[in-house]
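Overview (structure and organization)
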Amino acid sequence: FIQRKLYMHNMSHALCSYLGNLKGYDYIWEAAADMRIRFIALGALTQSAQSLAKEHNADVADLNDHSFDLLTRYDNKLLGDTVARVGNDTKRKLSPVDRLPGAIKLAKKQGLPVNYMVMGLAAGLLFDLDDSSKEVCEYTKENGVAAALEKYCSITADEDVALIKGYYDMLATPDWDALIAKID
């Protein structure tokens, strides 16, 4: 249940925040209502659900139901969740066992794809709405994606770094249609 909270709820919430920021949204409900972001979030949730099911011999259908429930919750305007609040402190939220990096590492351990989740991590490297996040963002710009992934996420595998860098480059000047088409 701890991993489900961290690698599904927290992971997808952060992903929506980071991608929503790139599209200029102020609220999570705006990001969740954007069908491109929702598509990516659902893909990331599905990948995480599959890895959690395999890791813990859990029912993947129940975890997928949880994914849809989470996305429905993100639609709630009354919560007033802002992109800034949800995404703040990327230095902590992109740490090796937290949210996106932890979910990615679990999926890799299980031999499962990570392409949707790494898109969220790439967007997190571009998030700069608070001091902690500005540090990560500036470090990435100055030293490169590979150095930032090693320093903040402990991700060093060439294949993973290349995939994240590809998404980072695309997100830096987002062509959302090309981005969606690149997901394989």
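Above this text sits the structure in question.
Residues numbered from 1 in each chain as written. Predicted model: local features only at pLDDT ≥ 70, side-chain atom pairs only at ≥ 80, totals over all residues. Heavy atoms only, no water.

1. Brief notes about the overall build of the protein
Secondary structure summary: the protein contains 12 helices and 0 strands in total. Ordered by position from N to C terminus, the α and β elements of the protein give α-α-α-α-α-α-α-α-α-α-α-α. Computed over the C-alpha atoms, the radius of gyration of the protein is 15 Å, within 12% of the 16 Å expected from 2.2 N^0.38 for a compact globule of 184 residues. Taken along the three principal axes of its C-alpha coordinates, the protein extends 45 × 40 × 30 Å. The buried share among the 184 residues of the protein stands at 50%. Counting only contacts in the protein whose residues sit at least 6 apart along the sequence, the fraction spanning at least 24 positions is 70%. When the accessible surface of the protein is totalled, it reaches about 8,300 Å², and 53% of it is carbon and sulfur. Within the protein, one finds 21 positive and 26 negative side-chain charges whose respective centroids are separated by 3 Å. (Helix = DSSP H or I, 4+ residues; strand = E, 2+ residues; numbered from the N terminus. Rg over C-alpha atoms; globule rule 2.2 N^0.38 Å. Buried < 20%, exposed > 50% of the residue type's maximum accessible area, 1.4 Å probe, protein only. Contact = heavy atoms within 4.5 Å. Areas by Shrake-Rupley, 256 points an atom, 1.4 Å probe, with all protein chains shown as cover. Lys, Arg positive; Asp, Glu negative; His and termini not counted. Charge placed at Lys NZ, Arg CZ, Asp CG, Glu CD.)

2. What to know about the packing of helix 1 (residues 2-22) against helix 3 (residues 35-56)
Contact geometry for helix 1 and helix 3: axes closest at 10 Å, N-to-C directions at 160°. Looking at the two axes, helix 1 sits roughly antiparallel to helix 3. Two packed elements cross with a definite hand, and for helix 1 against helix 3 that hand is right-handed. Between helix 1, through Q3, R4, Y7, M8, M11, S12, L15, C16, L19 and G20, and helix 3, the contact on the second element is made entirely by I37, I40, A41, A44, L45, S48, A49, L52, E55 and H56. When its residues are assigned to classes, the contact of helix 1 with helix 3 shows 13 nonpolar, 5 polar and 2 charged. (Axes fitted to C-alpha atoms, helices over the stretch in contact; angles between N-to-C directions. Parallel < 35°, antiparallel > 145°, perpendicular 65-115°, else oblique. Left-handed = near helix turned anticlockwise from the far one by under 90°. Nonpolar A, V, L, I, M, F, W, Y, C, P; charged D, E, K, R; others polar.)

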